[in-house]
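Residue strings, one per chain:
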Amino acid sequence: MMKDRIQLDKQGRLRHLLTIEGLRREMLVELLDTAESFAEVTERSVKKVPLLRGKTIVNLFFENSTRTRTTFELAAKRLSADVININATTSATSKGETLLDTLHTLEAMHCDMFVVRHPDSGAAHFIARHAASHVSVINAGDGRHAHPTQALLDMFTIRRHKHDFHPLIVAIVGDVLHSRVARSQIHALSTLGVQEIRVIAPRTLVPPEPASLGVHVYHDLERGLRNVDVVIMLRLQYERMQGALLPSEHEYYRLFGLTEERLACARDDVLVMHPGPINRGVEIASSVADGPHSLILQQVTHGTAVRMAVMSHAMRTGESS
Amino acid sequence: MKPRLHIHAGRLIDPANGLDTLADLYVADGVVVSVGSAPGGFQADQVIDASGLIVCPGLVDLRAKLREPGEEHKATIASETLAAARAGITTLCCPPDTTPVIDTPAVARLIMERARHCAYSRVLPLGALTRGLDGQQLCEMAMLAEAGCCGVSNDRRPLANLLVLRRAMEYAATFGLTVFFHPQEFSLVDGGCAHGGAVATRLGLPGVPTSAETVAVAGILELVAELGVRTHFCLLSTARAAQLIARAQHDGLPVTADVSAHLHLTEHEILDFDVQCHVQPPLRTLRDRDGLRHWLQQGAIAAICSDHQPHESDAKLAPFAATASGISALETLLPLSLRLVDEGLFSLSDMIARLTCQPAEIVQCGGGNLAAGKVADICLFAEKKYWTVSENSLVSQGKNTPFLDWEMQGQVIMTILAGEQVYVREESP
């Protein structure tokens, strides 16, 4: 559906990672396989490999983030790259510098890769389109559009437990309308060929024409969880109460909060995931978040290996081009 | 003295008078003096060979931002009226959202004076409906009309409430001023920048539902039904809104409508975040595009306008939602409309009517008509001449167009404004 293939080079290899959409299944599998080998590295006592020695990676964050920025930083350091963190919410941009000027200034310092988070959908595409030819851009979340490394680490986590994607029924529960994570997960899951993707939420939190994403929509959590192999909870943001999207957290939890009783509707070996940070008692009960089905902390652990894989792939094409 | 012109052997298409025929046109003192045969004793100062060309009234564009006063870094009256002349447009209506706003006769006069001085095309300002477009207090509309405003509009800014809307309509009607509405219910737009459909869902862009337009149209139509005031709807984007207007016209309400880029582009053009396709109202679905074409053909939509919005290149250098909306569109107005003829939507004459006499009637400016005695605003163009849109090929200061590298059909060869040749294409046709 995309008009150009800005994230791939002429040989079809990954140059930027902006969105999962448009990437072939083989490429996702290759990234997951690479992440698997890096996962072993991160479990060793000396956790470094010299793949990106001498490279400079900039974490350019226009939105606050702790876990994503930290795991990107860790990933870069474990690949032996030099890392600079720029919290752009408090720096040049607030002095009126444009996004493009910030970008060109950093390019002038000979940076090799930008890891970008920005509140506007399409910001990573914009930066990739205007970046110098030797620079790779990794999208660490742009508006409501995409968060491809989160989706990849979720796929990595699912694969470690389920091995085969094809028979899986996956439910994504919560605020899909505003969620870049959900969009990227949906693309990843459908590219990897799961049997069914469900979205479970009140109508106010479902984007228009959800069928165009290839998902089935449920408004009843218990019905939606039936036979589900993986349930992915989304964070509910407090702002949603103000926009008349929801009446209260209380009612939301009553209808869409994941409790042990409701989880019992799913398959016995169901996996519970959440991109974090979690709101206990709003979208998920503590007993579930901390319970035996929960993979929430594993997701965080896998984040580093997956981001190492993405960085090393994107930088590899930068070398040869 | 203005030159006496004999426009020879062109295909004269003058829909206001039902003409589509090979005929000569004679112009003197800035007006058409005869069609077909020369008046007795007519001595031409210049004979213009129009063989192989279409000769039609100069185009009347109901909406073009000229950016002056206030945003001269984007464009000026001089730069944009020149671009208009090149595009065969002899009358431009400019919306009131200049800085300062066209809410006093002085601003309206300033704009018209500048345009007269440049002498490339006629500019008719639309006055503001409310002061500073604040949506609260009515403008001095009688004085704006006296100064030459061809209508009043609050542009794309909201009115405080329906009572202000109702009173503004009544007050404007007192002076025979047509109110121009950009139908949108602001609470439903809710910061959206793309059609609330599959593409916005995919790209994670905040969506504008169809109802943001249709709710506004339906509300205004109810007021028109009650008040009987002449009302014009600008820039329809949805088929449903066009249908509502068609039904109202069928019921005898004095409403008209125009349409612009939504005739040619759909939401799919914004895939990959193409900022040149960031327009308001947003590009809608294919079904909407086809519906708009249908109602244009049926006549419920009377006019095609450019909705020209020139920008400096920086205005488009940002992520999609953060970019300025709008297309630099004067110079593609006629070629894109010719495309519709090519695709069989209507005849060349019907298309020209929607660019000339029909918009002229909406603003009651007297243009768009080549009968003897009418002002000689004339466009000569080569219907089958092809050219490619590039930054260099555009005269407008704004190079922001999604049609870059598109092949366009139809090239203006000469534009005559009140009997004066304001544009002549250099190379031979």
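Residues numbered from 1 in each chain as written. Chains lettered and ligands numbered in written order. Predicted model: local features only at pLDDT ≥ 70, side-chain atom pairs only at ≥ 80, totals over all residues. Heavy atoms only, no water.

### Let's talk about the sheet that holds strand 4 (residues 25-28) of chain B
Residue and element names in this part refer to chain B. Our working definition: Two strands make a pair as long as DSSP finds a minimum of two bridges between them. Only DSSP runs of H or I covering at least 4 residues are called helices, and only runs of E covering at least 2 are called strands; the numbering of each starts at the N terminus. Under this scheme, a helix contributes an axis fitted over its contacting stretch, all axes are lines through C-alpha atoms, and angles between N-to-C directions fall in the 0 to 180 degree range.
Read from one edge to the other, the open sheet built from four strands follows the order 5-4-1-6, with strand pairing classed as mixed. Each edge of the open sheet carries a strand with a single partner, namely strand 5 (31-35) and strand 6 (46-49). Strand-to-strand, the axes of this sheet are offset by a mean angle of 25 degrees, without reference to chain direction. Bridging between strand 4 and strand 5 involves four bridges; their strand directions are antiparallel. Bridging from a neighbouring strand, Ala-28 pairs with Val-31 of strand 5.

### What about the interface of chain B and chain A?
Let me state the cut-off plainly: Whether two residues are in contact is decided by their heavy atoms, any of which lying within 4.5 Å being enough. A quick way to say it: buried area is the sum, across both parts, of accessible area lost when two parts are put together, with a 1.4 Å probe. Throughout this description, the term salt bridge denotes a Lys or Arg side-chain nitrogen within 4 Å of a carboxyl oxygen of Asp or Glu.
Taken together, the contacts link 21 residues of chain B with 25 residues of chain A. When the area that chain B buries against chain A is broken down by residue, the three leading residues are Thr-201, Arg-202 and Asp-272 of chain B, summing to 36%. At the junction of chain B with chain A, the criterion picks out one salt bridge. Arg-202 of chain B is paired through a salt bridge with Glu-21 of chain A; the nearest N and O atoms lie 2.5 Å apart.

### Some remarks on the domain arrangement of chain A
All names here are of chain A. Defined as follows: Where each domain begins and ends follows an automated or database-derived domain assignment. Pairs of N or O atoms are called polar contacts if they sit within 3.5 Å, as long as, within protein, a hydrogen donor faces a hydrogen acceptor (for residues adjacent in sequence, only side-chain-to-side-chain pairs). Each residue is assigned to one of three groups, with Ala, Val, Leu, Ile, Met, Phe, Trp, Tyr, Cys and Pro labelled nonpolar, Asp, Glu, Lys and Arg labelled charged, and all others, Gly among them, labelled polar.
Splitting chain A by domain gives domain 1 (25-146 + 301-320) and domain 2 (148-298). For domain 1 and domain 2, the distance between their C-alpha centroids amounts to 26 Å. Both faces considered, domain 1 and domain 2 share a buried interface measuring about 2,300 Å² in area, 57% of it formed by carbon and sulfur atoms. When the area that domain 1 buries against domain 2 is broken down by residue, the three leading residues are Leu-32, Arg-144 and His-302, summing to 31%. Counting every contact that joins domain 1 to domain 2 gives four salt bridges. At the boundary of domain 1 and domain 2, one finds eleven residue pairs in polar contact (both at pLDDT 80 or more). Mapped by element, the contributors of at least two residues to the side of domain 1 that touches domain 2 are helix 1 (25-43), helix 2 (67-78), strand 3 (113-118), strand 4 (136-142) and helix 12 (296-320). Residue contributions to the side of domain 1 that touches domain 2 peak at ten residues, all from helix 1. The class makeup of the residues in the side of domain 1 that touches domain 2 is eleven nonpolar, eight polar and ten charged.

### Some points on the pairing of strand 2 (residues 82-87) of chain A
All names here are of chain A. Keep this limit in mind: Classification remark: right-handed applies to a crossover when, strands pointing away from the viewer, the course from the first strand over the helix to the second runs clockwise.
Bridge count between strand 1 (residues 56-61) and strand 2: six bridges; the pairing is parallel. Bridge pairing links Ile-57 to Val-83 in strand 2. As for the winding sense of the linkage, the β-α-β connection from strand 1 through helix 2 to strand 2 is right-handed.

### A look at the pattern of salt bridges
All names here are of chain A. Rules: Three exposure classes are used, based on accessible area relative to the maximum for each residue type with a 1.4 Å probe and protein chains only: buried under 20%, partly exposed in between, and exposed over 50%.
Inspection of every chain in the model, using the stated rule, returns 30 salt bridges over all chains. In this structure, the salt-bridge partner of Arg-180 is Glu-63, at a minimum N-O distance of 2.9 Å. Of the two residues, Arg-180 is situated in helix 6 (residues 180-191) and Glu-63 in the loop between strand 1 and helix 2; the sequence distance between them amounts to 117 residues. On the accessibility criterion, Glu-63 (23% relative accessible area) is partly exposed. Salt-bridge contacts for Glu-196 lead to Arg-198; the nearest nitrogen and oxygen are separated by 3.0 Å. Taken as a pair, Glu-196 and Arg-198 share a single burial class, namely buried. Among the charged side chains, a salt-bridge network with shared partners connects Asp-33, Glu-36, Arg-159 and Arg-160.

### What about the sheet that holds strand 12 (residues 152-153) of chain B?
Residues and elements named next belong to chain B. Read from one edge to the other, the open sheet built from six strands follows the order 11-12-13-16-17-18, with strand pairing classed as parallel. One side of each edge strand has no neighbouring strand; the edge strands of this open sheet are strand 11 (127-128) and strand 18 (303-304). For strand 17 (residues 255-259) and strand 18, the ladder comprises two bridges, and the chain directions are parallel. Residue pairing across strands places Val-259 opposite Ile-304, the latter belonging to strand 18. Helix 4 (residues 162-174) contacts strand 12, strand 13 (179-181) and strand 16 (231-233) of the sheet and is inclined by roughly 145 degrees relative to strand 13. In the packing of helix 8 (residues 239-250) onto the sheet, the strands contacted are strand 16 and strand 17, and the crossing angle to strand 17 comes to about 150 degrees.

### A few points about the nonpolar core
We count it as follows: Only buried residues count toward a nonpolar core. Its members are Ala, Val, Leu, Ile, Met, Phe, Trp, Tyr and Cys residues joined through side-chain atoms within 4.5 Å.
Counting residues in each nonpolar core, the largest one holds 89 residues, and the members touching the most others are Ile-57, Leu-152, Val-231, Leu-258 and Met-311 of chain A. Element by element, the count of residues in this core is highest for helix 12 of chain A, at nine residues. Both of domain 1 (25-146 + 301-320) and domain 2 (148-298) of chain A provide at least three residues apiece to this core. Non-local contacts of Val-231 of chain A, meaning those with residues more than four positions away in its chain, are made with Ala-171, Val-173, Leu-225, Leu-258, Leu-263, Val-270, Leu-271, Val-272 and Met-273 of chain A. Leu-133, Leu-330, Leu-340 and Val-341 of chain B belong to the second largest nonpolar core, which has 77 residues in total.

### Some remarks on the side chain of Asn-369 of chain B
All names here are of chain B. Inspection of the secondary structure puts Asn-369 in the loop between helix 12 (357-363) and strand 19 (378-388). Polar contacts involving the side chain of Asn-369 include one to the main-chain amide nitrogen of Ala-371, which spans 2.9 Å. Setting aside residues no more than four positions away along its own chain, Asn-369 makes contact with Asp-14, Ala-16, Asn-17, Pro-57, Lys-374 and Val-375.

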